[in-house]
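Working through the structure, step by step
Here's the letter readout for the chains.
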Amino acid sequence: MSDIITTDAITLTQLSAALHDGTVTSRQTTERLLERADRLDSALGTYLARFDDTALVAASRLDAELAAGRDRGALHGVPVAVKDIIRTDEGPTTAQSLILDPHWGDAGDAPVVARLRAAGAVIVGKTTTMEFACGCPDPDKPFPIPRNPWDLSTWPGGSSSGTGSGVAAGLFFGGLGTDTGGSIRCPASFCGITGHKPTFGLVPKSGCTPLGYSYDHIGPMARSALDCALMLQVMAGYDLSDPTTSTAPVPDFVRGLNGDLNGMRIGVDRGLLERYPTDPAIPDALEAALVELGRAGAEVIDIEIPHYEALVAATMNGWTGEALANHISDLRTRWTDYGRPTRIVIATGAFVSSADYVQAQRVRRVGANAIAELMRNTCDVIVTPTAARGAPKVDGLSFTDIVGAMFTPIWNATGFPAMSVPMGRTAQNLPLGLQIAGLPFTDATILKVGDAFQRLTTHHLQQPEISGAELV
Amino acid sequence: MADERSADRTDGVPAMLIAAAGLDVPPDELAELCALYPDVRAGLDRLYAPAFAEADPYLIPTVHAEKTV
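Notes on the structure in this doc start here. (Residues numbered from 1 in each chain as written. Chains lettered and ligands numbered in written order. Predicted model: local features only at pLDDT ≥ 70, side-chain atom pairs only at ≥ 80, totals over all residues. Heavy atoms only, no water.)

Along chain B, the regular secondary structure elements total four helices and zero strands. When its helices and strands are written in sequence order, chain B yields α-α-α-α. When burial is assessed residue by residue, chain B has 36% of its 69 residues classed as buried. Carbon and sulfur atoms make up 57% of the accessible area of chain B, which amounts to about 3900 Å² in all. (Helix = DSSP H or I, 4+ residues; strand = E, 2+ residues; numbered from the N terminus. Buried < 20%, exposed > 50% of the residue type's maximum accessible area, 1.4 Å probe, protein only. Areas by Shrake-Rupley, 256 points an atom, 1.4 Å probe, with all protein chains shown as cover.)

Moving on, we get to unusual backbone geometry. All names here are of chain A. The residue after Gly158, namely Ser159, is reached through a cis peptide bond having omega 15°. Turning to its location among the elements, Ser159 is positioned in the loop between strand E3 (122-127) and helix H6 (161-169). Unusually for a residue other than glycine, Ala95 sits at a positive phi of about 55°. On the basis of relative accessibility, which here comes to 0%, the residue Ala95 falls in the buried class. The residue His307 is not glycine, and still its phi comes out positive at about 60°. Relative accessible area serves as the criterion here: at 26%, His307 is assigned to the partly exposed category.

The subject of this paragraph is the pattern of salt bridges. All names here are of chain A. Enumeration according to the criterion identifies 24 salt bridges over all chains in this entry. Here Arg270 makes a salt bridge to Glu287, at a shortest N to O gap of 2.8 Å. With Arg270 in the loop between strand E7 (265-268) and helix H9 (271-275) and Glu287 in helix H10 (residues 282-295), this pair connects stretches of sequence that are 17 residues apart. By relative accessible area, Arg270 is classed as partly exposed at 28%. For Arg334, the salt bridge is made with Asp337, and the minimal N-O distance between the two is 3.0 Å. A relative accessible area of 28% places Arg334 in the partly exposed class. Within this structure, Arg61, Glu65, Arg70 and Arg72 form a network of salt bridges that share partners. (Salt bridge = Lys/Arg side-chain N within 4 Å of Asp/Glu carboxyl O.)

Now for the packing of H10 of chain A against helix H17 (residues 443-456) of chain A. All names here are of chain A. Running from amino to carboxyl end, H10 crosses H17 at an angle of 100°, the nearest separation of the two axes being 9 Å. On the basis of the axis angle, H10 is roughly perpendicular to H17. For the pair H10 and H17, contact is made by Ala289, Glu292, Leu293 and Arg295 and by Val449, Phe453 and Leu456, respectively. (Axes fitted to C-alpha atoms, helices over the stretch in contact; angles between N-to-C directions. Parallel < 35°, antiparallel > 145°, perpendicular 65-115°, else oblique. Contact = heavy atoms within 4.5 Å.)

Below, the discussion takes up the pairing of strand E4 (residues 174-179) of chain A. Residues and elements named next belong to chain A. Within E4, six of the six residues are buried, which leaves the element mostly enclosed by the surrounding structure. Of the two faces of E4, both are covered, the one formed by Gly174, Leu176 and Thr178 as well as the one formed by Gly175, Gly177 and Asp179. With three bridges connecting them, strand E2 (residues 79-83) and E4 associate as parallel partners. In the sheet register, Val82 faces E4, and the bridge partner there is Leu176. Pairing of E4 with strand E6 (residues 217-222), which is carried by six bridges, proceeds in the antiparallel orientation. Residue Leu176 lies in a different strand from E6, and its bridge partner there is Pro220. (Pairing = 2+ DSSP bridges.)

Residues and elements named next belong to chain A. The residue Ser189 is located in helix H7 (residues 185-191) in this model. Residue class for Ser189 comes out buried when judged on its relative accessible area of 1%. With residues near it in sequence (within four places) discarded, Ser189 still touches Thr386, Ala387, Ser420, Pro431, Leu432 and Gly433.

For the rest of this paragraph, the subject is the interface of chain B and chain A. Residue-level contacts link 39 residues of chain B with 47 residues of chain A. Across the interface of chain B and chain A, roughly 3700 Å² is buried in total on both sides, 67% from carbon and sulfur atoms. Remark: the boundary between chain B and chain A carries four salt bridges. Two residues, Arg340 of chain A and Asp28 of chain B, come together in a salt bridge whose shortest N-O distance is 3.1 Å. Seen at the junction of chain B and chain A, the total is ten residue pairs in polar contact (both at pLDDT 80 or more). Those elements that provide at least two residues to the side of chain B that touches chain A are helix H2 (13-20), helix H3 (27-46) and helix H4 (50-53) of chain B. When residues in the side of chain B that touches chain A are grouped by element, the largest group, eleven residues, is from H3 of chain B. (Buried area = accessible area lost by both parts, 1.4 Å probe. Polar contact = N/O pair within 3.5 Å; in protein donor to acceptor, adjacent residues only side chain to side chain.)

Structure representation (structure tokens):
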């Protein structure tokens, strides 16, 4: 078997081709990835649980199916991981918390996991997060502290930390993240991978512990936009268990990915970079990205995102109210069983009055309408940096500092789709992300833009050299 | 102003809100929580800018992006 499986940054798409043409088998691939995790995960803190035995059995079964002519599609035999706030058949869901009832996961696969599994994905394990997908890592609780493979002293971002670090480190080819204020796009940016927050209502989120029910999204994380499109194709669509899912037919997310952006109008709000301090590498990286999008045929147009600050406030103060509603009983009786960063953040929901919460919903509606009107008149997508910086150090992490450095929360208030693709590095060699957002249910359009960018660049194909004293 | 003056203390408005929620928070963490209050309140105050305060009152809750635009 070729060593490309573990030594180079190949994409899910490339692995799928290799599986289908017989270059490698799913069993061989899964074994190599698990061996790699044996060596790296004590330093990375990617996994909360590994499903070696069931994954290897599934991989062998899928190999046999393919050999017999039954092809489940692009994900057939592809190893993927699941953020540990989403239920899987293989084992318990912890939400990285001492609070969650261990039997919560007994109902088995969340719909989105069941869809991946039916499409042939091999579920290799559950990945680290922050407790209930909020706060910061807490060293006082018995869970791994996730680290960034680009620099083990830095954080991979959150809350889909392990999925981000695992894809970047080559431990699996794709995975599930969730995003309430940026938790797919932040780790995608910090880890140098691609992450897609779908339109609210496109992917069912039942079987996932809620944080802010009206802000939460489940989405794919992988190396490339095409990888994410292949995963989203399987994940999307109505499910009876989630009444917020759309009944609209699922479009083809892959067919339009041809690198041609002629006729596409890209809106860029350069004013954000004037209002918010950024890493010195970001302005040049953003301008270079815009040049590449222009090379693909797009027209770049200056815009100003309306109601930006209010929409950020509507997200960050809306989900805390929803989270407090979910957790208040346990917070009253089991305060210290929560990690300190998590209990502090969720408790800020008590500062949000009922009037504030209702007003936040009004702001979401006004803001979404204003952005939609802007986009209909001027641009098809809006791009910004994903974050104002590269990955921060693990030591001294501050939730408020992290949130203040993200350009992501407005797309949770609006529910519009947004993705992050790698666009360069800081002077410290830490990845930077480009965020691409679109109108509701235009996920195919932003995937097309991300894919076109990646056809002209190689940022997404860079894999970190992982070194550290704790590697085994 | 009263809110701001009390923000770094554990006996002002933010502490009262935490207590009203039924949360029994140790003093050091209560101080940490109360220190966050001014920023949270400043964010909440942005929600009442004229563009939103004067918006159609029927433009309220939706959780479905398909229905928002």
